[in-house]
Amino acid sequence: MSHKNNYKDSLNLPETGFPMRGNLAQREPEMLKRWENENLFALVRAAKKGKKSFLLHDGPPYANGDIHIGHAMNKILKDIIIKSKGMSGYDAHYIPGWDCHGLPIELKVEQLLGKANEKISLSEFHAACREYASEQVNKQRKSFIRLGVIGDWDHPYLTMDHQTEANIIRAFSKIIENGHVYKGIKPVYWCTDCTSSLAEAEVEYYDKTSLSIDVRFLAVDPKAVVARFGVDSESASVSVIIWTTTPWTLPANRAIALHPEVTYQLVRMADDYFILAEDLIETAMWRIFKQNREKEWQVIGQCSGRDLEHLRFKHPFMDFDVPIILADYVTVDAGTGAVHTAPAHGPDDFVICQKYGIETFNPVGPDGCYLQNTDPRLDGLFVFKANDVVREILRDNRTLMHAEQLVHSYPCCWRHKTPLIFRSTSQWFISMVKQTLRKNALSAIQKVKWIPHWGQARIESMVTHRPDWCISRQRTWGVPMSLFIHKETEALHPRTQELMEEVAQRVEKEGIQAWWNISPEEMLGEEAAYYIKVPDTLEVWFDSGSTHSSVVEARYGLNTDIDMCLEGSDQHRGWFMSSLMLSAAMKNKAPYKEVLTHGFVVDGQGRKMSKSIGNTVAPQDVTNKLGADIFRLWVASTDYTSEMAVSDEILQHSADAYRRIRNTARFLLANLKDFDPATDLVSPEDMVMLDRWSVSCAAHAQADIIKAYEHYDFHFVVQRLMQFCSVEMGSFYLDIIKDRQYTVKNDSLARRSGQTALFHIVHALVRWLAPILSFTADEIWQYLPGHDSHRAKYSSVFTQEWYPHLLTLEENKDPSHPLMNDAFWRKILRVRSEVNKVLEEARKNKQIGSSLEASVTLYAQPELASDLNRLQSELRFVLLTSSVRVADYKEADDKAQKTEQLMNELKITINKAQGQKCPRCWHYTPNVVLAGEQGELCPRCVSNVAGPGEERKFA
């Protein structure tokens, strides 16, 4: 062999098929195919069978359109929880679901094929809606699967499944049986584009410019009105002034509301008398008359609102008069203190008018246009176009006091983004008070764990203030209410529960079309002459809100508890609310044990995602460019309890963090190339001390990570992972052991000890990563040593539990070295960090090249010196220098550099290492020797190549 021998052949250089580059966008789809071929979901189910159950119930996304980044983030969070619960020994269930009925699908089919019973039959329309929803489900399902979300994708729950539709009818029947449902005429949110009522959860608020007007109502008996203020006057002009931003509602006005305890004053201006709230006179007189000096007007009397009750005033342009009524909701924040009251167009107005026995007159049709015989000038006019016409009518009648444009927040349809109206119609409601539903729901909330905790106060406030729930819709594509009511009294048929069960059984076989095919005669016989079928459908929030019964109980049994629901913060008034209401109405309890809420996704500047701004980030683009694991790492890294910012730059940070984790995993695998755990595992008591510490360090990290997973604190999981990979492993342990793993005898105890540590660490690490970096964990799993022998039983990392074979810190004590515990090694880590700073400075000053060209003197205080000396000659391997001397702190001269972390304990001097560089291990030594065919090597390398191999005790 040549004297110039290539020493590479004698080194244990790392080697693995695990690629350095993730190439996730290309590699992940291949893994998904393998998961599908192996039926990964079934493998996990089989592995977890019989373990304690954990059920996360999926709030169904709507089956329409591509998924957006909020959908993706939501599904990833759920997947992280399911997989981490599996690792914690649970049989964690997750069935993805979709909301499949409702208006958007109906409108889409109408655009394509026309309206039901006009261009196509109802059954053809239903079939087309079903087909369209199925296409959307399939499209979204592929996108969710691409994100690495594992679930029962072959058997998702769909609210349009015949069985589920039937169970929704059964849930409605139970709520009727429990006495919560009534039919009534009440004002509800109404979308004139949908021509349907809307639930509160379907309402969004946007800024709208409205016509704001001050209108006077003239007293029917002026003398009687001023007398209430203690004034005697024959004036013919006494008015109460109201302020409104909805002039179009004035035809429906039936009263004027005052607060009973507010002080109202009678103001005289020339020959006119006006009634205004005391606190608003200044602003109102300036707004209306541009007068802010009292000499222009005079307060001549005052009384409370209570004193004016039942006085009557003329409608400002219609031929009737209306009373003064009292209402606690009247405020003096703005306006005049007198509120125009139209019971057909406002919930508060409706309730107070019911109390006074005042009629609810609704002049507006489903299309938002005035009905005939409302007023010749308004008949057939769209309400928002009518505002200007109403202003002119008021002006002609000399009852308009002031008009201006006002920008304010206004309720709009979440689908069309168009302004809504309140419109009184005959609808079906679930009462909040009839059977103490509000009280029961508030009690149920107390028994739920809300994450974050503010979720409880949020939903409590919403339940406390929510009106009765309007559950009926005048649509086609939805679950029918399946009710028969008396033609004259509108009372439910006395056999309603029995009839609804019969309908449900038919729907199980034929779907919702079965209801439309049923004739009253075939179900009611001779009674059919007295009853009619209710044509309305249930609103879709009832569909999804009843899935705790229609889906979960149907699949898992009647007594199944839902452990967790996880959705965005908007669902406190959406799915969380509807599920709570229906469960409380059916079972008098909450449908879930825990509710986790996440925030919305915003861009890097904190702005809401908007196509018009052009700041949206499509999940498909992220997976195609960076891969799903980068996306998943971003989700886990972000504090989901508030707004979650995403941008190309932020995702690039996640990609950088990913590379650090991947490189750590690759180093671990590459140094296990010839390691067989069946024969090469070293027992803890025989391991090198630093190796034992590294495994106990992993145990400490694992305890932190498991605790964080259990508390759903995923961004801490990522932080702890990065600390472990970057600081404890990358910057310290892995950096130190390279020399030992590469240069010692390949089957020596020193090397096998290090490999044993790496084996335990990678087995722990792959499990920590699996819930978040699912594709990467699966890839690591394929390269684990000894994997083939495990393959038959453990074919996937997702069938595993947290790694149980890590040394704990307590077990890491050695009788011969009792003080080499975690605190000891963390002190050594700090010393090494300080040495590295001085080495880096010496490198910049061209004093040395690599750290092995350095000889270090550590001037240490006695306690630290004692710790350093425990490592004996192996301290140099910890510091990656060719030699180290520990000296008394007092001996340090002016050249010795102070340290930051160990300011009064340690000073450091760097010198050039003496001797020659060993061509094999690159350490400098004064006694490089000729070793026959091996050439010139240091004594350590001679022993490792041709002798018994060096021993290591500490590092």
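Along each chain, residues carry numbers from 1 onward, in the same order as the chain's sequence is written. Since the coordinates come from a predicted model, pLDDT governs what is reported: local features require at least 70, and pairs of side-chain atoms require 80 or more to be given and counted, while whole-chain, interface and lining totals use all residues. Only heavy atoms go into the side-chain values, all of them from the structure, while hydrogens and water stay out.

Take helix H13 (residues 496-510) next. Each helix is a run of DSSP H or I of at least 4 residues and each strand a run of E of at least 2, with the numbering of both proceeding from the N terminus. Helix span is expected to be 1.5 Å times the residue number reduced by one. For H13, with 15 residues, the first-to-last C-alpha span of 21 Å sits near the 21 Å given by 1.5 Å per residue. Summary of the burial criterion: residues with accessible area below 20% of their type's maximum are buried, those above 50% are exposed, and those between are partly exposed, where the area comes from a 1.4 Å probe applied to protein chains only. Of the residues making up H13, those classed as buried are Thr496, Leu499, Met500, Val503, Ala504 and Val507. Down the axis of H13, the sector holding all buried residues measures 145°, keeping them to one side. Only heavy atoms matter for contacts: two residues are in contact if any of them lie within 4.5 Å across the pair. On its buried face, H13 sits against helix H6 (162-177), strand E21 (484-486), helix H14 (513-517) and helix H15 (520-524). In the segment just after H13, Gly511 is the residue with positive phi, at about 85°. Regarding the arc, it is the one traced by the directions from the helix axis to the C-beta atoms.

We now examine the pairing of strand E25 (residues 592-598). The two faces of a sheet get side chains in turn, since along a regular strand they alternate between them. With six of its seven residues buried, E25 lies for the most part within the structure. Note on pairing: DSSP must find at least two bridges between two strands before they are called paired. Bridge count between strand E18 (residues 449-451) and E25: three bridges; the pairing is parallel. Counted as the bridge partner of Trp450 is Val595 from E25. If you view a crossover with the strands going away from you and the path from the first strand over the helix to the second runs clockwise, you call it right-handed. Taken together, strand E24 (residues 562-568), helix H18 (residues 575-587) and E25 form a β-α-β motif whose crossover is right-handed.

What follows is about the sheet that holds strand E6 (residues 196-197). Overall, antiparallel pairing links the four strands, which are arranged E6-E5-E17-E19 in an open sheet. A single partner strand is all that each edge strand has here, and the edge strands are E6 and strand E19 (469-470). Pairing between strand E17 (residues 421-430) and E19: two bridges, direction antiparallel. Residue pairing in the sheet places Phe429 in a bridge with Cys470 of E19.

With that settled, the discussion passes to the side chain of Thr496. With respect to the secondary-structure elements, Thr496 resides in helix H13. Polar contacts, as counted here, are pairs of nitrogen or oxygen atoms within 3.5 Å of one another; within protein the pair requires one atom able to donate a hydrogen and one able to accept it, and residues that are adjacent in sequence qualify only if both atoms are side-chain atoms. Here the side chain of Thr496 touches His493 through a polar contact of 2.5 Å, landing on its backbone oxygen.

Mapped onto the fold, Asp894 is located in the loop between strand E29 (883-888) and strand E30 (897-898). For Asp894, a relative accessible area of 82% gives the class exposed. On a C-alpha basis, the gap between Asp894 and Thr909 in space is 9.8 Å, while along the polypeptide they are 15 residues apart.

Cis peptide bonds are those with omega within 30 degrees of zero, and the linkage from Ile451 to Pro452 qualifies with -5°. In this structure, Pro452 sits in the loop between E18 and helix H12 (454-465). At Asn588, a residue that is not glycine, the phi angle is positive and equals roughly 60°. Positive phi, close to 50°, is recorded for Gln872, a residue that is not glycine. By secondary structure assignment, the location of Gln872 is in the loop between helix H29 (862-869) and helix H30 (875-879).

Let us look at the packing of helix H24 (residues 714-743) against helix H28 (residues 822-844). Where H24 contacts H28, the two axes come as close as 11 Å, and the packing angle between them is 90°. It follows from the interaxial angle that H24 and H28 lie roughly perpendicular. Residues Glu728, Ser731, Phe732, Asp735 and Ile736 of H24 form the contact with H28, whose own contacting residues are Trp825, Arg826, Ile828, Leu829 and Arg832. Residue composition of the contact of H24 with H28, grouped by class: five nonpolar, one polar and four charged. Angular values range over 0 to 180 degrees, each being the angle between N-to-C directions of two axes fitted as lines to C-alpha atoms, with helices fitted over their stretch in contact. Any angle from 65 to 115 degrees is called roughly perpendicular, while one under 35 is roughly parallel, one over 145 is roughly antiparallel, and all others are oblique. Put simply, Ala, Val, Leu, Ile, Met, Phe, Trp, Tyr, Cys and Pro go in the nonpolar bin, Asp, Glu, Lys and Arg in the charged bin, and everything else, Gly too, in the polar bin.

Let's shift gears to the environment of Trp634. With respect to the element layout, Trp634 can be found in helix H20 (residues 628-637). Residue class for Trp634 comes out buried when judged on its relative accessible area of 1%. It is 39 Å that separates the C-alpha atoms of Trp634 and Pro467, two residues lying 167 residues apart in sequence. Those residues in contact with Trp634, other than ones at most four positions away along the chain, are Met73, Val601, Met644, Ala645, Val646, Ile650, Leu651 and Ser654.

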